[in-house]
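Summary of structural features
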Amino acid sequence: MRGNPHFRALADHEVHRAAEGGFVTTATDERAALAQSSEEQGWRRRAIDDRVDVYSRGAIRIRLIWQGSSKLSGASIFVDEWYDNYTRDLGTVRAWLKR
């Protein structure tokens, strides 16, 4: 795969086979992927508007603000309604949702 020019190893992209037998890449919808994986882990998601999602489970609430559907602007985590932490890193948000 490394020598094939039709492949690119990017964390935020998926490879799909085109009808002509070649390959095309499309950006992953990070927002939808995060919603699906968090639901599988028991989180309740509420989409406030086209930019804001709130995840909650028990005493933990996580608020995410998006730029489009693939770039996170920022996220805050609240425990027992107290502000706990802020991040702009999607990996950190994924770790929070694994709690």
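For the structure itself, look to the data block above.
Structural notes, computed from the coordinates.

Let's talk about the overall build of the protein
Summing up its helical and strand segments, the protein has 2 helices and 7 strands in all. When burial is assessed residue by residue, the protein has 29% of its 99 residues classed as buried. Put simply, of all contacts in the protein between residues at least 6 apart along the chain, 19% involve residues at least 24 apart. Carbon and sulfur atoms provide 49% of the accessible area of the protein, an area that totals close to 6,800 Å².

As for the packing of aromatic side chains
Here the structure, examined in full by the defined rule, presents 1 aromatic pair. Between Phe-78 and Tyr-83, the ring centres sit 5.9 Å apart and the planes meet at 70°, which makes this aromatic pair edge-to-face. One cation-aromatic arrangement involves Arg-61 over Phe-78; the distance from NZ or CZ to the ring centre is 4.3 Å.

Quick word on the pattern of salt bridges
This structure, assessed with the given rule, holds 4 salt bridges. Its salt-bridge partner being Arg-61, residue Glu-81 comes within 3.3 Å of it at the nearest N-O pair. Taken together, the positions of Glu-81 in the loop between strand E6 (71–79) and strand E7 (82–87) and Arg-61 in strand E5 (residues 60–67) put the pair 20 residues apart, joining distant regions of the chain. Put simply, Arg-31, Arg-45 and Asp-53 are held in one network by salt bridges that share partners.

Here's the deal with helix H2 (residues 90–97)
For H2, the full list of buried residues reads Leu-90, Val-93, Trp-96 and Leu-97. Looking straight down H2, one finds that the buried residues subtend no more than 110° of arc, so they occupy a single side. If you follow the buried residues of H2, they end up packed against helix H1 (30–40), strand E4 (52–57), E5, E6 and E7.

What about the nonpolar core?
Counting residues in hydrophobic clusters, the biggest one holds 15 residues, and the most contacted among them are Leu-34, Tyr-55, Ile-62, Leu-64, Leu-72, Val-93 and Leu-97. Excluding its chain neighbours within four sequence positions, the residues that come into contact with Leu-64 are Leu-34, Arg-51, Val-52, Asp-53, Tyr-55, Leu-72, Gly-74, Ala-75 and Val-93.

Let's talk about the sheet that holds E7
The strand order across the open sheet formed by 5 strands is E3-E4-E5-E6-E7, and the pairing between neighbours is antiparallel. Of all strands in the sheet, those bounded by a partner on one side alone are strand E3 (44–47) and E7. Strand-to-strand twist in this sheet, taken as the mean axis angle between neighbours without regard to direction, amounts to 20°. With 5 bridges joining them, E6 and E7 adopt antiparallel strand pairing. Within the sheet, the bridge partner assigned to Ala-75 lies in E7 and is Thr-87. Helix-sheet contacts for H1 involve E3, E4 and E5, and the interaxial angle to E4 is about 15°. H2 rests against E4, E5, E6 and E7 of the sheet, and its axis sits at about 35° to E6.

Thresholds applied
- Residues numbered from 1 in each chain as written.
- Predicted model: local features only at pLDDT ≥ 70, side-chain atom pairs only at ≥ 80, totals over all residues.
- Heavy atoms only, no water.
- Helix = DSSP H or I, 4+ residues; strand = E, 2+ residues; numbered from the N terminus.
- Buried < 20%, exposed > 50% of the residue type's maximum accessible area, 1.4 Å probe, protein only.
- Contact = heavy atoms within 4.5 Å.
- Areas by Shrake-Rupley, 256 points an atom, 1.4 Å probe, with all protein chains shown as cover.
- Phe/Tyr/Trp six-rings, centres within 6.5 Å; stacked < 30°, edge-to-face > 60°.
- Lys NZ or Arg CZ within 6 Å of the ring centre and 35° of its normal.
- Salt bridge = Lys/Arg side-chain N within 4 Å of Asp/Glu carboxyl O.
- Arc of directions from axis to C-beta.
- Core = buried A, V, L, I, M, F, W, Y, C linked by side-chain atoms within 4.5 Å.
- Pairing = 2+ DSSP bridges.
- Axes fitted to C-alpha atoms, helices over the stretch in contact; angles between N-to-C directions.

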